[in-house]
Structures are given as structure tokens and as C-alpha cells.
Amino acid sequence: MSSKTTEPPTVQEKLDAVGADQLLLAGVNDAHLAELARLSDSRVILRGDHLILSGTSAAVQKAAPAARHMIELSRMRKSFSVADIARFLDEMPEGSTVPGEEAEALILPRARMVIRPRSAGQGAYVDAIRDNDIVVGIGPAGTGKTYLAVARAVEALHLKRVRRIILTRPAVEAGEALGFLPGDIREKVDPYLRPLYDALEDMMPADKVRRAIEDHTIEIAPLAYMRGRTLSDAFLILDEAQNATTAQMKMFLTRLGLNSKTVITGDKTQIDLPRRDNSGLLEIEEILKGIDGIEFVYLTELDVVRHRLVKEIIRAYGERTPAEERGPGDGAVR
């Protein structure tokens, strides 16, 4: 009597590939997908904004972590080769995830872009912004404080949760005085606000950013311009908050109107005020903790997503003593 061999059931997993560079992801003549399929013994198809894996349960589970990693690299416009696929399969074991992947992704449909936290700290940060009316993000340069806050703001505007975005910074930099800079007031302050423009233009087409600024859907202005206003139905971001004075910080926080959300970002190691203890960021860290609806999120060098050396630089500065941090003749941290 002959017995029939039972074929293992076929399963399918559909991975979100919105925002990925499809040529980088698939490779020339789909070589990357073919290699992933060969090594994992699965079927791999890129269809629209999804990467579809199918085959036995074991094959799909083997392929999925490497496929997610390929998608993330393609979203960041980072190239890889056919030879890298085997390494991805070895380095991303079954069940593994990209750091921060458990956090909610920020989907910006108009830019065909998905922004994911790249670390556990960034994941906690974007989740805190979703769940609280006021979030204070504190951490060193390169941890995504401003970028992720702007992404949340653009997302809220797209979903019509707010009617406008207000982005602001103190016009304070070490050794600079606006009165001595050339040009009118806009030309004087624009260099201080440039990082906010850069983040916006990375998430929205430049012409849409320009139109949104012209019709005041998006407003980018120095912190001093916020005085006397009540900002309702708005997503407010105060960047470089370590350089806001205690009076300016209180003024900004009390601008919050109905149906508004505020994110405050800052780096306590880069205070450029004449007196460090006059920083509004340091003050609110002490007096606002414990208030329901306000959350503080602390990012570290582990959350840095810039060049590898940035982490080492931040760590090196962190090991300096307070006396070493002081410049000659004053107490300001440079």
C-alpha cells in the first residue's frame, strides 16, 4: 500500500514597505528578492507598497526579520548588495525586531514615507507624544528629538487632528547677537530656525511647505513672537528649549489652548544662556514632574542615529568634570 506525503501548509506574511526605495529593496532585476527567496526557501514578491513572503511557516519565519531589515535600509536610502542578504539572515534571527519596531510607526502618506523609531528610547518618545498633551524630550544631539516631533506634527496635520503647526526656537546662540547680524528681522532669525525647515522639507514636498507657511497652516517663528497669543487646535514644538529663559518657558507653556499638543525638546549640555541656572528647561524638569498629561522622556547616546563617532563624542563630553566644562571667565556651558 502506497502512502501519500503530506505537504506542509503554506503561509503568507505581508510586510509594509511604504516609503522604501523599491530599486534598493529589490535590487537590479530583483536580485535581492531572489537571493532572499533562495536562502530562506520562500517566495518573495514586491507588490505595490508591500513585500509579500510565502512558503512554509518555518521558511517565512526565517525570511521575515531579514526582509524587515532590508525594508528599513531602503527607507533610509542605504544600499546593500546581494552578498549582504546571507549576513542579514544570520544577524536577524527568527523573531527578532529592529530596535524601536514595537513602537507605532509614523505614516506620512503625502511623502510616501514611514518614519520608525530607531531605538527603544525613540520608541518611548513617539509613544509619549501620542499619549500626552505635553512631552519634554531631553537628550544629546542626534537622538531625533526634533525630527520625530516634527513627524508627529505633520502626521497630526494630515489626519486633521490639528489645524496648524507652530514651530519655535529661542534666537539665542553662543556669542551671537541678532542686532549685529546683517539683514531684516526675518533674515536675522532664519539661520536659527533652519533645522525646523529642514525637518519639514524632509517630510513634505517643498512647494507644499511653502504654501502651508504662506497660508499660516505652518508657522515657524522665534520664541519671543509667541507672547500674548492663545494657540488652539495646534501642534506646538519648542526646539532648543535649554536656551529659553525661565520667563520665556512659562510664557510658552501658558499659550496652550484647547485641542492642542506641545512638545519641548532640549539638550542640557548645550545651554548658551549667560547663566546656566536661568534655563527654563532645567526649571520645568523640577516643577512639572508628576503632573498628569505631562511626560518627560530622556534620550541618551544609545539613541543617537547619526555617525557612529557622534555617540563616542557625546560619551567623551559626558565624562568631563564640571570644572572642565566651564569656559574661561564665565560659567556658561559651551
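The rules we used
Residues numbered from 1 in each chain as written. Predicted model: local features only at pLDDT ≥ 70, side-chain atom pairs only at ≥ 80, totals over all residues. Heavy atoms only, no water. Patch = residues over 30% accessible without salt bridge, like charges linked within 9 Å, V, L, I, M, F, W, Y side chains within 5 Å. Areas by Shrake-Rupley, 256 points an atom, 1.4 Å probe, with all protein chains shown as cover. Salt bridge = Lys/Arg side-chain N within 4 Å of Asp/Glu carboxyl O. Helix = DSSP H or I, 4+ residues; strand = E, 2+ residues; numbered from the N terminus. Pairing = 2+ DSSP bridges. Axes fitted to C-alpha atoms, helices over the stretch in contact; angles between N-to-C directions. Phe/Tyr/Trp six-rings, centres within 6.5 Å; stacked < 30°, edge-to-face > 60°. Buried < 20%, exposed > 50% of the residue type's maximum accessible area, 1.4 Å probe, protein only. Contact = heavy atoms within 4.5 Å.

Asks: Whenever I open this one, a nonpolar patch on the surface confuses me. Can you help?
Replies: Taken together, the side chains of Leu309, Ile313 and Tyr317 present a nonpolar region at the surface, about 310 Å² in accessible area. Here Ile313 is to be found in helix H11 (residues 308-318).

Asks: What is the right way to look at the sheet that holds strand S9 (residues 234-238) in this model?
Replies: In a beta sheet, neighbouring strands are held together by backbone hydrogen bonds and run either parallel or antiparallel to one another. Across the sheet, 6 strands lie side by side as S8-S7-S9-S10-S6-S11; this open sheet has parallel pairing. Looking along the sheet, the strands with just one partner apiece sit at the ends: strand S8 (218-222) and strand S11 (294-298). Here the strands of the sheet are splayed against their neighbours by 15° on average, with no regard to which way each runs. The pairing of S9 with strand S10 (residues 261-266) spans 4 bridges and is parallel. Residue pairing across strands places Ile237 opposite Val263, the latter belonging to S10.

Asks: Just checking my understanding: could you explain the packing of aromatic side chains for this structure?
Replies: Ring pairs (aromatic) are described by centroid distance and by the angle formed between their planes. Evaluated as defined, the whole model comprises 1 aromatic pair. Consider the rings of Phe80 and Phe88, whose centres lie 5.5 Å apart with planes at 70°: the pair is edge-to-face. Residue classification places Phe80 among the buried residues on the basis of a relative accessible area of 11%. Judged by its relative accessible area of 1%, Phe88 is buried.

Asks: Please clarify how unusual backbone geometry should be interpreted in this entry.
Replies: Backbone phi values are negative for most residues with the exception of glycine, while trans is the configuration of most peptide bonds. Unusually for a residue other than glycine, Asp41 sits at a positive phi of about 60°. Relative to the helices and strands, Asp41 resides in the loop between helix H2 (31-40) and strand S2 (43-47). The class of Asp41 is exposed, set by a relative accessible area of 64%. Of note in this structure, Asn259 is not a glycine but carries a positive phi near 55°. Given the relative accessible area of 49%, Asn259 is considered partly exposed.

Asks: Looking at this model, I keep getting lost on the environment of Pro195. Mind explaining?
Replies: Position of Pro195 relative to the elements: it lies in helix H7 (residues 185-203). C-alpha separation for the pair Pro195 and Thr146, spaced 49 residues apart in sequence, amounts to 8.5 Å.

Asks: When you look at the sheet that holds S2 in this model, what are you seeing that I'm missing?
Replies: One open sheet accounts for 3 strands, arranged S1-S3-S2; its pairing is antiparallel. At either margin of the open sheet sits one strand with a lone partner, and together these are strand S1 (11-16) and S2. Here the strands of the sheet are splayed against their neighbours by 20° on average, with no regard to which way each runs. Strand direction decides the pairing type here: S1 and strand S3 (residues 50-55), joined by 6 bridges, are antiparallel. Among the inter-strand pairings, Lys14 is bridged to a residue of S3, identified as Ile52. The sheet strands contacting helix H3 (residues 57-75) are S1 and S3, and the helix crosses S1 at an angle near 10°.

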